[in-house]
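Tertiary structure, described
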Amino acid sequence: MPITLTDIVFLWPALVAGLLLSLMMGPLGSIVLWRRMTFLGDALGHSSVLGLAIGTLLQFSLGWSVFITCCVVLLLLPFFERFKQTNDALLGVMSHSFLAFGFVLIYWFQPRQNIENFLFGDMLNIVPVDVVKVGGIVFLGAILLYYFWQAWVLMSVHPELAKAEKLATAKSEIVFNLFLAMIVAVSIQFLGVLLISALLVIPAATARLIATTPEEMAWRSAGLGAIAVMLGLFVALRFDLPLAPALVAVMGTQFILVSSAHFLSIKMR
Amino acid sequence: MLSAVIRLKNVGLVLDGQLILENIQLEIFPKQICTIVGPNGAGKTSLVKVLLGLLPPTSGVLERDSSLRLGYVPQKWVPNAHMPMTVARFLRFGSAKVTESAMHGALEEVKADYLYHQAMHRLSGGELQRVLLARVILQSPDVLVLDEPLAGVDVLGQEEIYQLIKHIRDRTQCAIVLVSHDLHFVMASTDTVICLNRHICCSGHPQVVHLDPAFQKLFPNEKLGEVAIYQHAHDHHHSLDGHTRHADHPH
């Protein structure tokens, strides 16, 4: 199926929203990797099902209900640490139980609700209003990144050094968590539960191989994400595939190509 | 003498129901080097974290000017290999306006300019300590806290690290708090040694060992200019259950 002008007109909201989100995911995903929080990305994504379920049942804004659920997960973590559980165990418990609670709620009250959109997102139904919403959130995110970037990077380098030298505070930590919850909430409806942490992790992991400073990694990760969004949209349209899996498949391919090239360049040296 | 920049009064610390520190009286003075020694588990790192404001004391008071600038060289730090970071980028933390020539200058002072473009996670133990000290030179803090700076540094490098610490004190005029697990050999320029085992067991001035003719006779070729010996003056024992007993004879 060749791509026509109508397709492009039809697709531009998905393209713009996807590009904006991928720009934000670059730096955010890099920090998530540095702080070894990939499980947290997963847990927030999975717990969003509960948020989506509650939002759907109460006919409340899905974005806000996901944001609130994510905040609850982030608040529960330090609380549960007192029960002598590792962070990984806690995140595993929360991630899967919240996912299950969400599905149970949905099936219980609205058995006919289509849950596929929860899992894989619904990028093709993005309307211009959504693009404005995403644009607003990304703008806010850019301001936060400008003010907190140094603190967030140094928190990842050595949290106690950062605190002792007063370069990062409890506030910068809380703002980071809220920022992460916000980005998850705004992107979950488009990207879906299963693929959201892929967007955080894969471009950043690829960028790690071709960067020498934290800033380089953040920018290259954003760039790789943006390229993947464009290629993913093209592939999905050309071969009539669901968009989110096509997008993540492109990112996976990027990682394989870059890491093979990296491996070869080390061998050749 | 100048007045203290950090003062601990009757400080006690309980973590997870365990008594870590008790009845600590400690004053840190400008331009002075204070060495904290003690066995493993004595609470040295916890004491340092109280000084830095990372752990709030359970009892007692920490007096510190809020404008006081602190530098910290943490213990056994292994840079995160997940994060790409060159030495030059690392030096820029906390001092965004630092110039390239200032960074080269600081690295030259610690004899590590060749590491400018090196990745942090590829540095050896001694190189890492030098880079951390170069960053301290750029920051020029009022108080510098070093938690076991000799850990992971080979014997030849240790003497040099001590010389660098002394150089930093002389240049930036900061107070230095140094933690060491070696009970008997301390840095020669130390002004006060604090022997810690949950409480302060004894404190005093070290004896400069390399000036002792008996020592020079024994080790004529030893380059131990920066090492001094510390004679403990304890008036109590520590039994295995953690209680202290008063001793009849100091030892």
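Keep in mind that this is a model prediction, so the values were computed, not measured.

**Digging into the packing of helix α3 (residues 62-80) of chain A against helix α4 (residues 87-109) of chain A**
Residue and element names in this part refer to chain A. Interaxial distance between α3 and α4 falls to 11 Å at its minimum, and their mutual angle equals 145°. Note on packing geometry: the crossing formed by α3 with α4 is right-handed. Contacts from Thr-69, Val-73, Leu-76, Leu-77 and Phe-80 in α3 reach Asn-87, Leu-90, Leu-91, Met-94 and Phe-98 in α4. Within the contact of α3 with α4, the residues separate by chemical class into 8 nonpolar, 2 polar and no charged.

**Details of unusual backbone geometry**
In this structure, Asp-240 of chain A takes a positive phi of about 55° despite not being glycine. Note that Asp-240 of chain A resides in the loop between α10 (214-238) and α11 (243-268). For Asp-240 of chain A, a relative accessible area of 66% puts it in the exposed group. Residue Ser-140 of chain B is not a glycine yet carries a positive backbone phi of 35°. Structurally, Ser-140 of chain B is set in the loop between α4 (125-139) and β6 (143-147). According to the relative accessible area criterion, Ser-140 of chain B is partly exposed, its value standing at 28%.

**What to know about the pattern of salt bridges**
Residue and element names in this part refer to chain B. Per the stated rule, a full pass over the model turns up 14 salt bridges over all chains. Glu-109 is the salt-bridge partner of Arg-171, the closest N and O atoms lying 2.1 Å from each other. Of this pair, Arg-171 sits in helix α5 (residues 155-172) while Glu-109 sits in helix α3 (residues 100-109), and the two are 62 residues apart along the sequence. What emerges from the salt-bridge pattern is a single network uniting Arg-7, Lys-9, Glu-27 and Glu-63.

**Points about the interface of chain B and chain A**
Taken together, the 25 residues of chain B in the interface contact 23 residues of chain A. Taken over both partners, the interface formed by chain B and chain A buries close to 2,200 Å², and the fraction arising from carbon and sulfur atoms is 58%. Viewed at the interface, chain A and chain B are joined by 3 salt bridges. In this structure, the salt-bridge partner of Arg-89 of chain B is Glu-215 of chain A, at a minimum N-O distance of 2.7 Å. Inspection of the chain B/chain A interface yields 17 residue pairs in polar contact (both at pLDDT 80 or more). At the level of secondary structure, the elements contributing two or more residues to the side of chain B that touches chain A comprise α1 (44-52), β5 (70-73), α2 (87-91) and α4 of chain B. Per element, the largest residue contribution to the side of chain B that touches chain A is 3 residues, and it comes from β5 of chain B. Taken together, the residues that form the side of chain B that touches chain A break down as 13 nonpolar, 8 polar and 4 charged.

**As for the confidence of the model for chain B**
Residues and elements named next belong to chain B. Put simply, chain B has an average pLDDT of 82, and 84% of its residues get 70 or more. Within chain B, α2 carries the highest mean pLDDT (92), whereas helix α6 (residues 213-218) carries the lowest (57). The ipTM value of the predicted complex is 0.80, and its pTM value is 0.84.

**Overview of the sheet that holds strand β10 (residues 199-204) of chain B**
All names here are of chain B. An order of β5-β6-β7-β3-β9-β10 is seen for the 6 strands of this open sheet, with the pairing classed as mixed. A strand with exactly one partner marks an edge of an open sheet, and here the two such strands are β5 and β10. Neighbour-to-neighbour, the strand axes of the sheet open up by a mean angle of 20°, direction not taken into account. Sheet topology places β5 next to β6; 4 bridges connect them, and they run parallel. When the bridges of β6 are listed, Val-73 appears paired with Leu-146. Its contacts with the sheet place α1 against β3 (33-37), β5, β6, β7 (175-180) and β9 (192-197), and it is angled at close to 155° to β5.

**Considerations on the sheet that holds strand β1 (residues 6-15) of chain B**
Strand pairing in a sheet relies on backbone hydrogen bonds, with the paired strands running either antiparallel or parallel. Residues and elements named next belong to chain B. Pairing is antiparallel across the open sheet formed by 3 strands, whose spatial order is β2-β1-β4. Whereas interior strands pair on both sides, the edge strands pair on one side only; in this sheet they are β2 (18-28) and β4 (59-64). Sheet twist, expressed as the mean angle between neighbouring strand axes with direction ignored, is 25°. When β1 meets β2, the two strands line up antiparallel, connected through 7 bridges. By the bridge assignment for β2, Leu-8 is matched with Leu-26.

**Some points on a nonpolar patch on the surface**
Residue and element names in this part refer to chain A. On the surface, Ile-54, Leu-58, Phe-60, Trp-64, Ile-68 and Val-72 cluster together into a nonpolar patch covering about 590 Å² of accessible area. Among the secondary structure elements, those contributing two or more residues to the nonpolar patch are α2 (38-58) and α3. Counting residues per element, the nonpolar patch draws most heavily on α3, at 3 residues.

**Digging into the side chain of Ser-65 of chain A**
Position of Ser-65 of chain A relative to the elements: it lies in helix α3. By relative accessible area, Ser-65 of chain A is classed as buried at 6%.

**A word on the pairing of β1 of chain B**
If a strand is regular, its side chains alternate between the two faces of the sheet. Residues and elements named next belong to chain B. Count of turn residues in the β1/β2 antiparallel hairpin: 2 residues, of which Asp-16 carries a positive phi of about 50°. Relative to β4, β1 runs antiparallel, the two being bridged by 5 bridges. Within β4, the position partnered with Leu-8 by the bridge is Leu-62.

The rules we used
- Residues numbered from 1 in each chain as written.
- Chains lettered and ligands numbered in written order.
- Predicted model: local features only at pLDDT ≥ 70, side-chain atom pairs only at ≥ 80, totals over all residues.
- Heavy atoms only, no water.
- Axes fitted to C-alpha atoms, helices over the stretch in contact; angles between N-to-C directions.
- Helix = DSSP H or I, 4+ residues; strand = E, 2+ residues; numbered from the N terminus.
- Left-handed = near helix turned anticlockwise from the far one by under 90°.
- Contact = heavy atoms within 4.5 Å.
- Nonpolar A, V, L, I, M, F, W, Y, C, P; charged D, E, K, R; others polar.
- Buried < 20%, exposed > 50% of the residue type's maximum accessible area, 1.4 Å probe, protein only.
- Salt bridge = Lys/Arg side-chain N within 4 Å of Asp/Glu carboxyl O.
- Buried area = accessible area lost by both parts, 1.4 Å probe.
- Polar contact = N/O pair within 3.5 Å; in protein donor to acceptor, adjacent residues only side chain to side chain.
- pLDDT = per-residue confidence, 0-100.
- Pairing = 2+ DSSP bridges.
- Patch = residues over 30% accessible without salt bridge, like charges linked within 9 Å, V, L, I, M, F, W, Y side chains within 5 Å.
- Areas by Shrake-Rupley, 256 points an atom, 1.4 Å probe, with all protein chains shown as cover.

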